[in-house]
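A look at the structure
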Amino acid sequence: MACMKLGSKSDAFQKQGQAWFCTTGLPSDIVVEVEEISFHLHKFPLLSRSGVMERLIAEATEEGDKKCVISPPKIPGGAKTFELVAKFCYGVKLELTASNVVYLRCAAEHLEMTEEYGEGNLSTQTETFLNQVVLRNWKDSLKALQTCDDILPHAEELHVTKRCLESLATKACTDPNLFGWPMMERGPMQSPGGSVMWNGISTGARPKHSNSDWWYEDVSTLSLPLYKRLISIMESHGNRQELLAGSLAYYAKKYLHGLNRRQGANETTSCLMPMASGASPSEKEQKVLLEEIDQLLPVQKGLVPTKFLFGLLRTALILKSNPSCLANLEKRIGMQLEQATLEDLLLPNFSYSTETLYNVDCVQRILEHFLAMDQITGGSSPCSIEDGQLIGSPSLTPITTVAKLIDGYLAEVAPDVNLKLPKFQALAAAVPEYARPLDDGLYRAIDIYLKSHPWLAESDREQLCRLIDCQKLSLEACTHAAQNERLPLRIIVQVLFFEQLQLRTSIAGCFLVSDNLDGSRQLRSGFAGSTDGGWATAVRENQVLKVGMDNMRTRVFELEKECSSMRHEIEKLGRTKVSSTWGNVSKKFGFKMKSQMCSAQEGSVSKQNNGSAKFEKAKDRHGKHKKNS
């Protein structure tokens, strides 16, 4: 650290208890009381350097006191600073450093130690040291700024605080690798052979390159008011928003203990006010810090990590921050919800008024913010996208990611027996239908909820299961649902119908592919002739298709048997209204088409039988007529 020595005399002061004595051989004729310390000094050295001391000594002499005792106004820096001032007045060597120059500069101004009372007075020398030494160096500027906290009004009056902040902001905005050592004074020197020059002399070393976040740790030692002002000045100087966001996150993690719950004990922080080492921040101080950090964070999407925002929200819920702070954090998270993980969404409920384990209401508000932003930014909708392009559209990637995330969250909170059906259903229905390419995740969450809430009425089960689109279930999910006793009967029938329809469509597609393959083989054989390799490939493909179609036929046969047995069971349940009951079920679940298909098949068989009988009768008549003729 840079320093300067003032004066040439040796130290002639001695401390005895709570008093300082000047050992110059002459008895002291004045006592200066500063705080609880008494300084036994002489009048002439003091009044020759300070205008305030001159007036106070004159007033005390007029009162006729034999031994003048004065109490100057509150001196910046207290008794420790006045000790240095007194030594300067006596010409004792005084070492100026970044740690004491602000105190001395303010005390000199307060005591009117200007050039009017002596050339090279304390005010001039401290001002020169500030401008030419301290403000040109990062470390010294930071140290001087930290000392401004104790005497902030005096430092503000002399613009010392502002100048230190401007110096730090300018240096932080500049690439440190452009300047090198000794401006940075960060990190050890690397291997010799560099060409760094200092005062025209080669240092024989080269500086270690620094990252753009090199200043995070240093500025985190500032108190919150000074740190806020520094960030504001950096922003006005054009510092990059992502660097400011990173510094804010670093500062918050250092003093908000709730953000360090996954860190080890050696990574925990000290205190909110660095000047008062050893004292942990109170909940009130942490609450103030969190709300200030929320106001300083940039609003652009993606500049602040989503996990850090969730940590702030969790801490804000614990500290019971004001509603506007909570709303801002929820909105920030909603803007980039697709970057979140399932662990982030599992926010515990810290309120005693609610019984649920997780804060489902908060997650639903975050989801609403995301959907609102998706609409504003031109999010896709089923009206503007064809069915075939719905899943693969790049613009749907964030919303499909969020839909999958919410389905996973629903499965996590579903076992909570205190989670009411309206709240669970509202969160599940908040995700648009087009955001889910498959409903397997939603089906799993609903199945877990039904298993954990067996007392639900049949009507409530049906209402909840209506959220599932059976046409968007995979074959595995359909197989599981068809055997799931927790699902309402109507849903099971609907799942069976769509599964059978899906299999029929797949079989028809396989037949179409088989016909196309046969035609293409004929064309290829007609042009290229028959070869052993082509024939073997065709045989293998036919065998694979045959096996696949046989498996599908078997599955369709099993599903038809299940559907037939279910139909008989339904008929048994309503013996008095058999035909009307089955007709209503068919109309509600789309079995009308299937019935028509079955009846059409029966009709075609009967028509074929009737046609053959009529043909035989006509043949007999024709034979008899021929014999008669």
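Preceding block: the structure.
Every value quoted in this text rests on a predicted model; they were computed, and no experiment measured them. (Residues numbered from 1 in each chain as written. Predicted model: local features only at pLDDT ≥ 70, side-chain atom pairs only at ≥ 80, totals over all residues. Heavy atoms only, no water.)

1. Concerning the overall build of the protein chain
To keep things clear, this is the line we draw: Each helix is a run of DSSP H or I of at least 4 residues and each strand a run of E of at least 2, with the numbering of both proceeding from the N terminus. What makes two residues a contact is simply this: any of their non-hydrogen atoms within 4.5 Å. Each accessible area is a Shrake-Rupley estimate made with a 1.4 Å probe; only the visible protein chains count as cover when residues are assessed.
In terms of regular secondary structure, the protein chain is built from 25 helices and nine strands. Of the contacts formed within the protein chain by residues at least 6 apart in sequence, a portion of 69% connects residues at least 24 apart. Carbon and sulfur atoms provide 54% of the accessible area of the protein chain, an area that totals close to 34,600 Å².

2. A few points about the packing of aromatic side chains
We apply this condition: Pairs were defined over the aromatic rings of Phe, Tyr and Trp, the Trp ring being its six-membered one, requiring ring centres within 6.5 Å. Orientation was assigned from the angle between planes: stacked under 30 degrees, edge-to-face over 60, tilted for the rest. Burial classes follow relative accessibility: with a 1.4 Å probe on protein chains only, a residue under 20% of its type's maximum area counts as buried, one over 50% as exposed, and anything between as partly exposed.
Inspection of the entire model under this criterion finds seven aromatic pairs. Taking 6.2 Å as the distance between ring centres and 50° as the angle between the ring planes, the aromatic pair formed by Tyr216 and Tyr250 counts as tilted. Of this pair, Tyr216 sits in helix H9 (residues 216-219) while Tyr250 sits in helix H11 (residues 241-255), and the two are 34 residues apart along the sequence. You can call Tyr216 buried: its relative accessible area is 10%. The partly exposed category is assigned to Tyr250, whose relative accessible area is 32%. Cluster of aromatic residues (ring-pair linked, three or more members): Trp215, Tyr216 and Tyr250.

3. So, the nonpolar core
Rules: Nonpolar core, defined: a set of buried Ala, Val, Leu, Ile, Met, Phe, Trp, Tyr and Cys residues in which side-chain atoms within 4.5 Å join the residues together.
Among the nonpolar cores identified, the biggest contains 154 residues, and Val32, Leu41, Trp215 and Leu337 are the most heavily contacted of them. Here this core takes nine residues from helix H17 (residues 397-413), the largest share from any one element. Residues in contact with Leu337, not counting those within four places in the same chain, are Leu345, Ile366, Leu367, Phe370, Val402 and Leu405.

4. Here's the deal with the packing of helix H3 (residues 78-89) against helix H4 (residues 101-110)
Worth spelling out the cut-off: Whenever a helix is involved, its axis is fitted only over the stretch in contact; in every case the axis is a line through C-alpha atoms, and angles between N-to-C directions fall within 0 to 180 degrees. In these notes the angle categories are as follows: under 35 degrees is roughly parallel, over 145 is roughly antiparallel, 65 to 115 is roughly perpendicular, and the rest is oblique. In this classification, Asp, Glu, Lys and Arg are treated as charged, Ala, Val, Leu, Ile, Met, Phe, Trp, Tyr, Cys and Pro as nonpolar, and every other residue, Gly included, as polar.
Direction vectors running N to C along H3 and H4 enclose 70°, while the axes themselves pass 10 Å from each other. Viewed along their axes, H3 and H4 adopt a mutual orientation that is roughly perpendicular. Contacts between H3 and H4 involve Thr81, Leu84 and Val85 from the first element and Tyr103, Leu104 and Ala107 from the second. Of the residues belonging to the contact of H3 with H4, the class tally is five nonpolar, one polar and no charged.

5. Quick notes on the sheet that holds strand E4 (residues 30-34)
Quick note on the threshold: By this definition, two strands are paired if DSSP reports at least two bridges between them.
Spatially, five strands are ordered E2-E3-E5-E4-E6 in an open sheet, and the strand pairing comes out mixed. The open sheet terminates on both sides in strands that have one partner only, identified here as strand E2 (13-16) and strand E6 (68-70). Adjacent strand axes in the sheet meet at a mean angle of 20° when their direction is disregarded. With three bridges joining them, E4 and E6 adopt parallel strand pairing.

6. So, the side chain of Arg436
What counts, and what does not: Each polar contact in these results corresponds to two N or O atoms within 3.5 Å; when the atoms are within protein, one needs to be able to donate a hydrogen and the other to accept it, and residues that are neighboring in sequence are counted only if both atoms are side-chain atoms.
Within the fold, Arg436 resides in the loop between helix H18 (421-430) and helix H19 (440-452). One polar contact links Arg436 to Asp407, side chain to side chain, over a distance of 2.9 Å. Apart from the residues lying within four places of it in its own chain, the contact partners of Arg436 are Ala403, Asp407, Ala428, Val431, Leu442 and Lys472.

7. With respect to the pattern of salt bridges
We count it as follows: The salt bridge definition used is simple: a Lys or Arg side-chain nitrogen within 4 Å of an Asp or Glu carboxyl oxygen.
Taken as a whole and judged by the stated rule, the model has 18 salt bridges. Here Lys228 makes a salt bridge to Glu292, at a shortest N to O gap of 3.0 Å. Taken as a pair, Lys228 in helix H10 (residues 224-236) and Glu292 in helix H12 (residues 283-296) lie far apart in primary sequence, 64 residues in all. Among the residues examined, Lys228 registers a relative accessible area of 26% and is labelled partly exposed. Exposure remark for Glu292: the relative accessible area of 23% places this residue in the partly exposed category. The network of salt bridges with shared partners includes Arg105, Glu109, Glu127 and Arg163.

8. Details of unusual backbone geometry
Although it is not a glycine, Glu112 adopts a positive phi angle of roughly 60°. Considering the arrangement of structural elements, one finds Glu112 in the loop between H4 and helix H5 (122-132). The class for Glu112 is partly exposed, based on a relative accessible area of 28%. Residue His159 is not a glycine yet carries a positive backbone phi of 60°. Position of His159 among the secondary structure elements: in the loop between helix H7 (152-157) and helix H8 (160-173). With a relative accessible area of 48%, His159 lands in the partly exposed category.

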